Amino acid sequence: MPGTAAMNSPQAAGDRWRGFLTAYHRDHAGITETLLDRATRPGVGTPYDWLRSGVPGKPDRVVDLACGSAPMNRYFAQPTDYLGIDVSRGELEVALARRRGPLVEANVLDLPLPDSCTDVVICSMAIMLLEPIEQALSEIARVLRPGGRFISTRPVTWPIRVRDVRVGVELFRGLRQMPELPQRFTRSGLSRLQASVGLSVTEDRALRFTHPLHDASDAACIVEGLYLPTVDPNHRRAAVERLTNLAGPTRAVPVSIRRTVAIRPISGSPS
Ligand SMILES: C[S@@+](CC[C@H](N)C(=O)[O-])C[C@H]1O[C@@H](n2cnc3c(N)ncnc32)[C@H](O)[C@@H]1O
């Protein structure tokens, strides 16, 4: 059929994803914070606590990329100079309503910041959305001071426990497909990409957090928090029903997250 090749091109797929992401974060602003604030691991806390613990002491400046509703702002009071950046106006409005900031509406691919302006760049649960990733990483390396750190977290499928398999199966049987992400990095793949812009990975570790699955509203929130650009609404409802059937006072779903810490070496410069 004429036009089919163009509709299936990487460019068209990228455009579809960007359109989906824009609408999703407009309509569900703050959803990541709602979910991750309730995802915990004993001795660690939430994924946000874990990201914070990768930032040493009280840095002069922290730039929070793809900050969403800016939950990380809660960890950085004066004298740290915090700046949150996101493309979604809806997310930034939620952040503002929660008195967080300062905030800038901008794309990570083209940061409105001078070279070498910050000690720390953080990015919670968004690096897998940044395309082209090489351009995003070059921008991150450019704005980091020599010796500065880039700490990111992202969702992964491992580690899980045997008892988690049931949740995954029920979710899949309801949705009839897996949740999607524009890109899934291998562990070494992201390290290599960071190395190519002069960032040297010093820590790369995944942990399993859990989110409660006590009732139907937890089930709805969990399904709502997934990126499901092509899932039929009936299948989404079926997934909520199946998770609701598993719910109970001690039930939980796994939330596995990888944290990567990279440093811009003092002697090196971004290419
Ligand atoms: C899963 S949410 C994470 C939000 C927040 N960091 C958190 O952990 O709660 C992903 C965020 O990435 C933002 N985003 C995606 N692509 C972006 C880009 N190229 N530049 C800036 N923000 C982007 C979205 O608007 C959304 O707020």
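Above this note sits the structure.
Since the model is a prediction, treat every value here as computed from it, not as a measurement.

Conventions adopted
Residues numbered from 1 in each chain as written. Predicted model: local features only at pLDDT ≥ 70, side-chain atom pairs only at ≥ 80, totals over all residues. Heavy atoms only, no water. Near = heavy atom within 4 Å. Polar contact = N/O pair within 3.5 Å; in protein donor to acceptor, adjacent residues only side chain to side chain. Areas by Shrake-Rupley, 256 points an atom, 1.4 Å probe, with all protein chains shown as cover. Helix = DSSP H or I, 4+ residues; strand = E, 2+ residues; numbered from the N terminus. Buried < 20%, exposed > 50% of the residue type's maximum accessible area, 1.4 Å probe, protein only. Pairing = 2+ DSSP bridges. Patch = residues over 30% accessible without salt bridge, like charges linked within 9 Å, V, L, I, M, F, W, Y side chains within 5 Å. Salt bridge = Lys/Arg side-chain N within 4 Å of Asp/Glu carboxyl O.

### Here we look at the site of the ligand
Okay, step 1: The immediate surroundings of the ligand are formed by 21 residues, with Y48, A66, D86, N107 and S124 found nearest.
Okay, step 2: In this structure, a nitrogen atom belonging to the ligand sits 3.3 Å away from a main-chain N or O atom of V87.
Okay, step 3: Between the ligand and N107 there is a distance of 2.8 Å, counted from a nitrogen atom to a side-chain nitrogen or oxygen.
Okay, step 4: Protein contacts shield 94% of the accessible area of the ligand, which totals 600 Å² for the unbound molecule.

### Thoughts on unusual backbone geometry
Okay, step 1: Between E131 and P132 the backbone carries a cis peptide bond, its omega angle lying at -5 degrees.
Okay, step 2: In this structure, the amide linkage connecting W158 to the following residue, P159, adopts the cis form with an omega of 5 degrees.
Okay, step 3: Assignment of secondary structure puts P159 in the loop between β5 (144-155) and α7 (165-175).

### What to know about the pairing of strand β7 (residues 252-263)
Okay, step 1: Where burial is concerned, most of β7 is hidden: 9 out of the 12 residues are buried.
Okay, step 2: The pairing of strand β6 (residues 200-212) with β7 spans 12 bridges and is classified as antiparallel. The residue bridging P212 from the neighbouring strand is A252, located in β7.

### Re a nonpolar patch on the surface
Okay, step 1: Residues W158, I160, V165 and V169 make up a contiguous nonpolar surface patch of roughly 370 Å² in combined accessible area.
Okay, step 2: By the element assignment, I160 lies in the loop between β5 and α7.

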